[in-house]
Amino acid sequence: MKREDIKIAENEIVSRILENNLKNKKAELIDVLYDIIYNEKKRLKTEIKDKTYQKDKEFFKYIIKKSKNANKSVQKELIKKVTAYYLNEVISEFKPFIYEISTKILPPTISIMLNALSPKKIIKNKFTPPPIEHNVIVTGEYKKLQKISKKGTVIIVPTHLSNLDSPLIGLMIYKLGLDPLVYGAGLNLFKNKFFGFFMSKLGAYKVDRRKQSILYKQVLKEYATFSLERGYGNLFFPGGTRSRSGKVENKLKKGLLGTGLDAYQNNLKNKNEKPDIFFVPLNLNYQVVLEAETLIDDYLADAGKSRYIIDDDESFKISKIMSFMEKMLSLDAKIILNFGDAIDPFGNKVDENGNSIDKNGNIIDKKKYLYENGKLVEDSQRNRAYTEILSEEILKSYKKNNVIMSVNFVSFIAFKLFEKQHESSDFYKFIKDPTIDLSIKLSNFYKESDILLKKLHKMHKNKEITLSEILLEGKSEEILSEALKFSNLLSKNLPLYRKGIRLYSNNLKVLFYYHNSLDGYKF
Amino acid sequence: MNYKVGVIGSGSWGTTVAQLVAKNSYEVNLYSRDKKQVQIINKEHINKKYLPEFKLSENIKASNSLKEVTKNSDIIFIAVPSNAFRSTIKKMSNCLKPEQILISLTKGIEIKTYDVMSQIISQESCIKLIGVLSGPNLAKEIMKEQPAATVIASKFDFVIKTVSKIISSDKFMVFAQRDVLGVEVAGALKNVIAIASGIGDGLGLGINATSFLVTLGISEIKYLALKLGAKPETFYGLAGTGDLMATSFSVLSRNFRFGKLIGQSNGVEEALKSVGQVVEGYTTTKVAHLFAKSINVNMPILDAVYRILYKNSKVDEVLAELLKIRKDYLWE
């Protein structure tokens, strides 16, 4: 957010949150305070003892002390104080100047984007990779996105596979000539040099997922709502976190999604000139995912051992990112950003002029969804129900705009064939046992491949799934050979390789991960 | 607020709902395809074809224009057969507006898509304020003003509140429910069991055997209902078990009557004709059969009803197979 808006934001958000909590019949102010104290005490116990820790500890010690026997007006003051404290951490100042420089330097290649951290490196390496358009493909309804972003405020809602997602989207949004997006990024990413640099420059605000208090979540939501009302486009990852399994999201977090409707409702109330909010789903598809191995390990970890926050995977080491990118570029691995059709906060389709339309193309007077007996009425239960409808529409979009690449396709067939061979064994044992013998006949592979390809072509035609170019035009042999080309980029232990007339795997987990992209479809 | 209410479909249930609302002093526009019926309702206040013995409230105005009824109503109840549901919504959709409430009274699952009526409404129109009314509600008992209870299911509290307000009375109790899909799926599938029960009754098998058929049937349709997305607790509520009881043991139920006629060795066509109204269970049997097949589960009762209705299998043969006396026992 720009400096002039931040000033307004602080006052506005603090007073809105107090007001909302006063209105809430289910919880008294003191309950909100108790919830803060309980959660912050719990969090601070496990926190690393650094500067921030000391500051936090002192601050909450003060809050605890003041909360004892506090009357209503003291309670109000304390809620305001904590809100402001949280807000201060969340807010980042968006500097248009730096944004200009960083994005102008960054293209034409991701490699240069990486090297931008240290300009000297570019000169030393003398590495001139092909233009970014060659590897990062933007497709789908992006033209509509460009048009409607002039008519209202846009919320991009992408699938989430990698920590590279947000810098990539930031960059592509710039290339499409759109204004930078406001988005929440994990505090752990800010601590990482590589991501930290881009995050704060591209409009990110800080989200600390270890902070679990109700008030903290209110602050995040209100910040998003307020920025939308001020006309800043937002980026939400509605799945909440990177997909651990490699599957497309099948459930979304409704809290943040609902801020779109809240902002729209506030805009109507405040007679904002451009009240409309549009959601644009986006499928991110990588031929190769940088953190795949760590993510799938976590997914398959014994119950209770999986981690909600992962902050030591491949994406946290700059050297790893660099070598990954270089290899990716040299092997011509693609990243596809497939924009879905725009929808309004009620789940209706939106046309190029920003109008909500029904199936017959009739324009819907959408503000009336918020009317009762002829006037605007606030009803949080109703709004949650609308957001549920919206969430279902986004999920539908994810499913049909999911781009299947050669690695996904080949992994799916190979994994299914391996699984069939070991039908009787327990799934988790099967997938984790490194001594298991994994080999299939190439001819069997091709047989299955031809069958699946036919089915997928039909689904692609019916707009139930999206196929990448090679799957649409290539034969089974070509698809397999392209996928095998990437095998050693997927993992050191090869997920799939060919020897003579057979295919083998040394890494079933990673094969499973890429296979999962096709999970959940009916064949 | 004085809501304007529309009812699409003037069969016995549509008319009964119109009557319930009209008795609460709301004006009701009742749409009928049949011009003659419209005239009779407006002149004589009677639904000659389906409920000839009851006087209708004068607050009910019949109309032959689907467009007018759609346009002029704040709340619209839809009671058309499930196989005409999509085409009816399509016809209405150009006149529908976001602030309107649509309530489905139809209990069915669409063939091929496995969509229930609420899903069809949201696919074909701009309407989001959708609800479903379902329960053990035999039309004639309600017309007689005998006490009854029903379920209104919606994602929106606003819809639940509004519909309860206009329809409930000291004789008609309304319960709220969020599991819209569950209410619809349970309400549709139970008709298959009602047919099975009717067949048993028609054959004179006795209450013991009929209860056995119904119990076995419940566990089958429960399995399908959960697979289609219903919540188990909904299944045991008014819209599930409640409705099942009413339909499986009463000659007032069309599906039961239809089954009974078949049990009394009438042909399928003949029985359908004789009931004279839409028998939703007939279509639902096919849908349920196809769905069970698609998920590869074996359902003996469902299969038996399907074979009798669609494969010309002889009732006694199918039944004999189903009730084959075994020398050993089965686990429940």
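Residues numbered from 1 in each chain as written. Chains lettered and ligands numbered in written order. Predicted model: local features only at pLDDT ≥ 70, side-chain atom pairs only at ≥ 80, totals over all residues.

Peer 1: Any chance you could break down the overall build of chain B for me, citing the residues and the numbers?
Peer 2: Along the backbone of chain B there are 16 helices and eight strands. In terms of overall size, chain B behaves like a compact globule, its C-alpha atoms giving a radius of gyration of 20 Å where 332 residues would be expected to give roughly 20 Å. Taken along its principal axes, the extent of the C-alpha atoms in chain B is 65 × 35 × 35 Å. Taken over 332 residues, chain B has a buried fraction of 52%. Sequence-distant contacts, at least 24 apart, represent 73% of the contacts inside chain B between residues at least 6 apart. (Helix = DSSP H or I, 4+ residues; strand = E, 2+ residues; numbered from the N terminus. Rg over C-alpha atoms; globule rule 2.2 N^0.38 Å. Buried ≥ 20, exposed ≤ 12 C-beta atoms within 10 Å, placed from the backbone. Contact = placed C-beta atoms within 7 Å.)

Peer 1: With reference to specific residues and values, describe the pairing of strand E8 (residues 172–177) of chain B.
Peer 2: Residues and elements named next belong to chain B. Across six bridges, strand E7 (residues 148–154) lies against E8 in parallel orientation. The residue of E8 that forms the bridge with Ala149 is Met173. In the classification by handedness, the crossover that spans E7, the intervening helix H7 (residues 157–167) and the parallel E8 is right-handed. (Pairing = 2+ DSSP bridges. Right-handed = clockwise from strand over helix to strand, strands pointing away.)

Peer 1: Mind laying out the domain arrangement of chain B, listing which residues take part and the relevant values?
Peer 2: Residue and element names in this part refer to chain B. Here chain B is described as being made up of domain 1 (5–178) and domain 2 (183–322). The centre of domain 1, based on its C-alpha atoms, is set 25 Å off from the matching centre of domain 2. At the level of secondary structure, the elements contributing two or more residues to the side of domain 1 that touches domain 2 comprise helix H4 (82–93), helix H5 (117–124), strand E6 (130–134), helix H6 (139–143), E7 and E8. Here the element with the most residues in the side of domain 1 that touches domain 2 is E7; it accounts for four residues. Counted by class, the side of domain 1 that touches domain 2 contains 14 nonpolar, ten polar and three charged residues. (Domains from an automatic or database assignment. Nonpolar A, V, L, I, M, F, W, Y, C, P; charged D, E, K, R; others polar.)

Peer 1: Could you give me a rundown of the interface of chain B and chain A, with the residues and numbers involved?
Peer 2: Opposite the 14 residues of chain B that make contact, chain A presents 20 residues. Looking at side-chain class alone, the side of chain B that touches chain A contains five nonpolar, three polar and six charged residues.

Peer 1: Help me get a handle on helix H19 (residues 406–421) of chain A, residues and values and all.
Peer 2: For H19(A), which comprises 16 residues, the first-to-last C-alpha distance of 23 Å matches the rise-based estimate of 22 Å (1.5 Å per residue) to within 8%. Listing the buried residues of H19(A) in full gives Ser406(A), Val407(A), Asn408(A), Phe409(A), Val410(A), Ser411(A), Phe412(A), Ile413(A), Ala414(A), Phe415(A) and Phe418(A). (Expected span 1.5 Å × (residues − 1).)

Peer 1: Now, about the environment of Gly246(A): what can you tell me, with residues and values included?
Peer 2: Residue and element names in this part refer to chain A. Note that Gly246 resides in the loop between strand E5 (234–235) and helix H14 (254–257). For Gly246 and Ser162, which are 84 residues apart along the polypeptide, the C-alpha to C-alpha distance reads 9.9 Å. Filtering out sequence-adjacent residues up to four positions away, Gly246 remains in contact with Ala292, Ile296, Tyr513, Tyr514, Asn516 and Ser517.

Peer 1: Any chance you could break down the sheet that holds E7(B) for me, citing the residues and the numbers?
Peer 2: All names here are of chain B. If you walk across this open sheet you meet the eight strands as E3-E2-E1-E4-E5-E6-E7-E8, and the pairing is mixed. Since the sheet does not close on itself, it has two edges, and those belong to strand E3 (60–63) and E8, each with one partner. Within this sheet the neighbouring strands show an average axis-to-axis angle of 25°, counted without direction. Judged from the four bridges that link them, strand E4 (residues 75–78) and strand E5 (residues 101–104) form a sheet pairing that is parallel. Residue pairing in the sheet places Ile76 in a bridge with Leu102 of E5. Relative to the sheet, helix H2 (residues 35–44) contacts strand E2 (28–31) and E3, its axis offset from that of E3 by approximately 160°. Strands in contact with helix H11 (residues 238–248) are E6, E7 and E8; relative to E7, the strand with the most contacts, it is inclined by about 145°. (Axes fitted to C-alpha atoms, helices over the stretch in contact; angles between N-to-C directions.)

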